[in-house]
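An overview of the molecular structure
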Amino acid sequence: MLNRNVLLLLTVLLYGLSGSVVEAQPAPSSPVLADIQPSPARQQELRRMLAHDCGSCHGLRLTGGLGPAIHAEAVQQMPQAAIAATIYHGRPGTPMPAWKSMITAAEADWLAAYMQRPPAPKQELATQEHRP
Amino acid sequence: MLALLSLCVPLVACVATPPASPLPPLSVGTGDLGLVVERASGSLQVVNTSRREVLGAIKGLGDLSHASLVYSRDGAYAFVFGRDGALSKVHLPSRSLVDRIQQSGNSIGGAISQDGSLVAAQNYQPGGIRVFDSQTLRLVADIPAEYEPGKLSRVVGLVELPGQRFMYALFDANEIWIADLSGVAAGQAPQLQKFKNVGRQPYDALITPDGRYYIAGLFGEDGLVKIDLWAAQPKAERILAGYGRGQEPLPVFKMPHLRGWAIAGRQAYLPAIGRHEVLVVDIDSWQELGRIPVAGQPVFVMARPDGRQVWVNFAVPDYNQVQVIDTQSRQVIQTLSPGKAVLHMEFTPRGESVWISTRDDNAVNVLDTRSFARQATLKADAPSGIFFTSRAQRSGF
């Protein structure tokens, strides 16, 4: 439990730091809903996966394509558990695959919470994937 | 006398500023130019394929995830279809954005007519195609993919057909349409021909280089559909039906792209959806010749221009590899690891080199297609599609 709180604190600090430099996206609005916080490095991988791999069907800015729009505004009204289940198990009969071979259920929960964070200004979305 | 004097002055001025070269200046050729899409930063890098150099960027093109482009016949201009529904016209020699319109909400690609006068964009939102004058980007025709009253389908697999026509598939409607725009210059409306019940969820398509066969991949079932456009009565016919033979399909983390160079000689090399296989089909008999096990879900299956080799890249998580198939033995002869997150490949016009974008390495790698040796590594910001001007001379794009 302590470990989780430390991780959460670290995450918040990390977001705070990066925010002061490049105005990176804010932390998930409700990170405590996810049971286990992925490590900061893994969180970065998951955000990257969201932009690029989910983005290959939903658009780099998640504004939709073959798949529907899944930016924060679009998924705001959806139950977080439903988003997580869709990521983890896919949607049979549609092109949405199950991602469970690449992420854990806890990571799907975290990603669902992250997807529902308050929308960031557009310019950030365009530059959020720049690496050091 | 005055006239003579005034003539002399410019002449003297000319002599006084000697040209750098004794030859008159030549305009720049475009045959060895190309564009690399930088998907995250909304820019294009202009490249030279002879010198294997990046010449410079064209910026301000918006959301370029899944962006594709087509060339004007002279190879000097490209029409770029952005995910955000923008259609941009860029000029390669001056590396400038010359025009840009917001043509839809969400676009996925396009094609240019046989004579180069019309540019068609295929749209997801609103579903349909829109056709523009390639000179002015003025809207010439708006053709919604309305398959039931008020219902528009997402459009995929748009190709150019001879005779100012475009052919495309309706993902949501299980239909394939041909729009004939040969009369629009004379003020006539586009003519539509529709093929219905072609198969479930066509996701992309290709046209053979001779413009004869249109082949669409089906996401919703095992198999593909082909239409012979040279037949007296073209009709949709299933090919390779049931290639999965009841096996549980593997998850498809990225849709395969059929458009490209999948035809090698008399054989078509096609990605099997939900399988780690490339399907080989004879395009005379349309019988399956075999299937080649590969390293992951194939995304692009592209024949070298001579058809001797077929290069394959893969969806996540196998996208750090590229495999090369020898079309004579139909075996994988080489497995390469060119870098992280291979998104696209493009052959030089005669195929001595292949350019491979590796998104997570922020690089484009140039490989020798005979020795597989690396010839150059160029920097690009999260590169995806690579498009050389030699596409301007190919039918279908």
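Reading guide: rules and limits
Residue numbers run consecutively from 1 along every chain, following the written order of its sequence. Think of it this way: whatever chain is written first is A, whatever ligand is written first is 1, and the rest follow in order. pLDDT decides what is reported in this predicted model: residues at 70 or higher carry local features, side-chain atom pairs at 80 or more are listed and counted, and totals for whole chains, interfaces and linings draw on all residues regardless. Hydrogens are left out, water is left out, and the side-chain values use all remaining heavy atoms of the structure. Secondary structure elements follow DSSP: runs of H or I no shorter than four residues count as helices, runs of E no shorter than two count as strands, and numbering proceeds from the N terminus. Buried, partly exposed and exposed residues are distinguished by accessible area as a fraction of the type maximum, computed with a 1.4 Å probe on protein chains only: under 20%, between the cut-offs, and over 50%, respectively. Two residues form a contact once any of their heavy atoms are found within 4.5 Å. To obtain the arc, one takes the directions from the helix axis to the C-beta atoms. Using a 1.4 Å probe, buried area is obtained as the accessible area two parts lose upon being combined, added over both of them. Put simply, a salt bridge is a Lys or Arg side-chain nitrogen that is within 4 Å of an Asp or Glu carboxyl oxygen. The residue classification treats Ala, Val, Leu, Ile, Met, Phe, Trp, Tyr, Cys and Pro as nonpolar and Asp, Glu, Lys and Arg as charged. All others, Gly included, are polar.

As a further point, take the side chain of Arg 359 of chain B. With respect to the helices and strands, the residue Arg 359 of chain B is situated in the loop between strand E31 (353-358) and strand E32 (363-368). Residue Arg 359 of chain B is classed as buried on the basis of its relative accessible area of 2%. The contacts of Arg 359 of chain B, once residues within four sequence positions are left out, are Arg 48, His 52 and Asp 53 of chain A together with Arg 39, Tyr 319, Lys 340, Ala 341, Leu 343, Ala 382 and Pro 383 of chain B.

All right, on to helix H4 (residues 80-89) of chain A then. Residue and element names in this part refer to chain A. Taken together, the buried positions of H4 are Gln 80, Ile 83, Ala 84 and Ile 87. End-on, the buried residues of H4 take up no more than an arc of 95°, which puts them together on one face. Check the buried side of H4 and you find it contacts helix H3 (72-75) and helix H5 (105-115). Of the residues flanking the end of H4, it is Gly 90, one or two places downstream, whose phi is positive at about 75°.

Moving on to the environment of Ser 371 of chain B. All names here are of chain B. By secondary structure assignment, the location of Ser 371 is in the loop between E32 and strand E33 (374-379). With a relative accessible area of 45%, Ser 371 lands in the partly exposed category. Each C-alpha atom, one on Ser 371 and one on Val 80, is 33 Å from the other, the two residues being 291 residues apart in sequence.

So, about the interface of chain A and chain B. Every contact between the two is made by 25 residues of chain A and, on the other side, 25 residues of chain B. Summing both partners gives a buried area of about 2100 Å² for chain A against chain B, and 51% of it is carried by carbon and sulfur. Summed over the three residues of chain A that lose the most area to chain B, namely His 52, Leu 60 and Leu 66 of chain A, the buried surface amounts to 25% of that side. Remark: the boundary between chain A and chain B carries one salt bridge. Between Arg 48 of chain A and Asp 360 of chain B there is a salt bridge whose closest N-O contact spans 2.3 Å. Among the elements that make up the side of chain A that touches chain B, the one with the highest residue count is helix H2 (residues 40-58) of chain A (six residues). Of the residues belonging to the side of chain A that touches chain B, the class tally is nine nonpolar, 12 polar and four charged.

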